[in-house]
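Spelled out, the chains give:
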Amino acid sequence: MRTPGPGEERSLRVDPLGGLPNDFEAFFTHENSGYLRYAQQRLGHREDAQDAVQNAGATLYKNWRRALASPDPKAFAFKIVKDAVVDVLRERRRAERKRLRVIAQRRPDTSQDELNELAELDALDWATEELARAAPIQADVVRLRQAGLSYQDIGRSLGIAHTTARTYYSLGRRHLEYLLEHPDDGGAGT
């Protein structure tokens, strides 16, 4: 930085992030639809996805200067979105455990047919969760690809090469298919 000499005008350095809300709004508006697709893919419900993305937006706004200072603001923002989605999933699990405790106390009369129907509906969710435990990056790539993102965008968001994203998508899809065909093998380690 150079100090102004005699006769040169001295001015205060303007904060390059002074227009923070406008920059944030433009960024978040541009990325919002991709975040919503990802969150809805993970959560399965539009309302939950909107809540998660809104919470992520609030967190990102609070950390906007850190995001801009990071090497890749898009990756920084996506990490916040992923964390917000995980928070919703955790809250769901807590609510489900609480619901199961209440049901166990009442001992409802549930038929085997109803149980089989519920098991079929939950098979894909279970397989996706198993994939996320075994290979979290593959699971993220599969979710993002199914949400409509290109391999280049997925690579940029996850910090991997687009060719690696393509490979992880293929491996993740095969892993999901295997888990769905052999559910007993997938849960053997847990």
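Everything numeric here is computed off the predicted structure, so don't read it as measured data.

Contact geometry of helix H6 (residues 136-146) with helix H8 (residues 162-181) gives a least axis separation of 8 Å together with a crossing angle of 95°. Comparing the axis directions of H6 and H8 gives the class roughly perpendicular. Counted together, Ile137, Gln138, Val141, Val142, Arg145 and Gln146 of H6 and Ala165, Tyr168, Tyr169, Leu171, Gly172, Arg173, His175 and Leu176 of H8 form the full contact between these two elements. Classifying every residue of the contact of H6 with H8 by side-chain character gives 8 nonpolar, 4 polar and 2 charged.

To continue, consider the packing of helix H7 (residues 151-158) against H8. Each packed pair of helices is defined by two parameters, the angle between the axes and the distance between the axes. One can describe the packing of H7 onto H8 by two numbers: an axis separation of 8 Å at closest approach and a directional angle of 100°. Put simply, H7 runs roughly perpendicular to H8. Here Tyr151, Gln152, Ile154 and Gly155 of H7 come into contact with H8, specifically with His162, Ala165, Arg166 and Tyr169.

Looking now at the side chain of Arg42. Topologically, Arg42 is positioned in helix H1 (residues 20-43). Here Arg42 occupies a buried position and makes no salt bridge, while the nearest side chain of opposite charge, Asp140, is found at 4.3 Å. Each residue touching Arg42, except ones within four places of it in the same chain, is listed here: Val85, Val86, Leu89, Asp140 and Arg143.

The rules behind the values
- Residues numbered from 1 in each chain as written.
- Predicted model: local features only at pLDDT ≥ 70, side-chain atom pairs only at ≥ 80, totals over all residues.
- Heavy atoms only, no water.
- Axes fitted to C-alpha atoms, helices over the stretch in contact; angles between N-to-C directions.
- Helix = DSSP H or I, 4+ residues; strand = E, 2+ residues; numbered from the N terminus.
- Parallel < 35°, antiparallel > 145°, perpendicular 65-115°, else oblique.
- Contact = heavy atoms within 4.5 Å.
- Nonpolar A, V, L, I, M, F, W, Y, C, P; charged D, E, K, R; others polar.
- Buried < 20%, exposed > 50% of the residue type's maximum accessible area, 1.4 Å probe, protein only.
- Lys, Arg positive; Asp, Glu negative; His and termini not counted.
- Salt bridge = Lys/Arg side-chain N within 4 Å of Asp/Glu carboxyl O.

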